[in-house]
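Coordinates in review
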Amino acid sequence: MHKYKKFLTVCSLAALLSSCTAPFVCMAAADTTEMQAVEFDREDGEYSIQVDLEGGSGKASVTSPTLFTVKDGNGYAQIQWSSSNYDYMIVNGEKYLPINTEGNSVFEIPVPVFDEAMAVTADTTAMNAPHEIEYTLIFDKASIKGKFG
């Protein structure tokens, strides 16, 4: 039990220092859950939401507003890129593959926060070699509109 308490103390300290530039890694064997989407107080269904993209070279864009789906009280967004050359996205360490096979790349990802910058990585094959590019998505909660369509 003493080692477990020490582990929690180290994890707590790492969380407090997460804004530092030094890398901290703190994982428990039982911590294998995927990123959770934000809990949302709307009826399950499809809505629209404004999403802003920042980062990268400025050449890429995402469709906005975009489809926002509520499933079992959790929110998910379909991110459609302005290119068909994105082959995966990484959101909070989880890798997501496109949900389509033709046209511009589309990904369904969890939305963990509203009105805050959410870091994502998208891999593009448009260059000589694949490149992971850092972006930020911001989902505007006030922009959520009734059922999409």
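Every value quoted in this text rests on a predicted model; they were computed, and no experiment measured them. (Residues numbered from 1 in each chain as written. Predicted model: local features only at pLDDT ≥ 70, side-chain atom pairs only at ≥ 80, totals over all residues. Heavy atoms only, no water.)

1. What to know about the confidence of the model for the protein chain
Selection rule: The score called pLDDT rates the predictor's confidence residue by residue, from a low of 0 to a high of 100. Helical segments are the DSSP runs of H or I of at least four residues, strand segments are the runs of E of at least two, and each set is numbered from the N terminus. Contacts: residue pairs with any heavy atoms within 4.5 Å of one another.
Here the protein chain averages 78 in pLDDT, and 70% of its residues register 70 or above. For the protein chain, the element scoring lowest by mean pLDDT is helix α1 (residues 2-16), at 36; strand β6 (residues 106-110) scores highest, at 98. The low-confidence segment residues 1-35 (pLDDT under 50) makes 15 contacts with residues lying over four places distant or belonging to another chain.

2. A few points about the pairing of strand β4 (residues 86-91)
The test is simple: Strands qualify as paired when DSSP identifies two bridges or more between them.
Pairing of β4 with strand β7 (residues 118-124) involves 5 bridges; the strand directions are antiparallel. From the neighbouring strand, Val 91 faces β7, where its bridge partner is Val 120. Bridge count for β4 against strand β5 (residues 94-96) is 3 bridges, and the pairing is antiparallel. Looking across to β5, one finds that Val 91 is bridged to Glu 94.

3. A word on the sheet that holds β5
Note the threshold: Axis definition: a line fit to C-alpha positions, over the contact stretch in the case of helices; interaxial angles, taken between N-to-C directions, run 0 to 180 degrees.
Across the sheet, which stays open at both edges, the 8 strands sit in the order β5-β4-β7-β8-β1-β2-β3-β6 with antiparallel pairing between neighbours. Each edge of the open sheet carries a strand with a single partner, namely β5 and β6. Averaged over all pairs of adjacent strands, the angle between their axes in this sheet comes to 35 degrees, without regard to strand direction.

4. Some words on the packing of aromatic side chains
Stated formally: Any pair of Phe, Tyr and Trp rings, taking the six-membered ring for Trp, is counted once the centres come within 6.5 Å. Such a pair is stacked with planes under 30 degrees apart, edge-to-face with planes over 60 apart, and tilted for the rest. Any residue under 20% of the maximum accessible area for its type is buried, any over 50% is exposed, and the rest in between are partly exposed; the area is computed with a 1.4 Å probe on protein chains only. In our convention, an over-ring charge means Lys NZ or Arg CZ found within 6 Å of a ring centre and within 35 degrees of that ring's normal.
All told, the structure shown has 4 aromatic pairs when counted by the stated rule. On the basis of an interplanar angle of 55 degrees and a centroid distance of 4.9 Å, the ring pair of Trp 81 and Tyr 135 is categorised as tilted. You can see Trp 81 sitting in the loop between β3 (74-80) and β4 and its partner Tyr 135 sitting in strand β8 (residues 131-145), a full 54 residues away along the chain. Considered together, Trp 81 and Tyr 135 belong to a single accessibility category, that of buried residues. Among the aromatic residues, ring-to-ring pairing joins Trp 81, Tyr 86 and Tyr 135 into one connected group. The residue whose ring lies beneath Lys 71 is Tyr 76, and the NZ or CZ to ring-centre distance is 5.4 Å. Directly above the ring of Tyr 88 sits Lys 95, whose terminal nitrogen or CZ lies 4.3 Å from the centroid.

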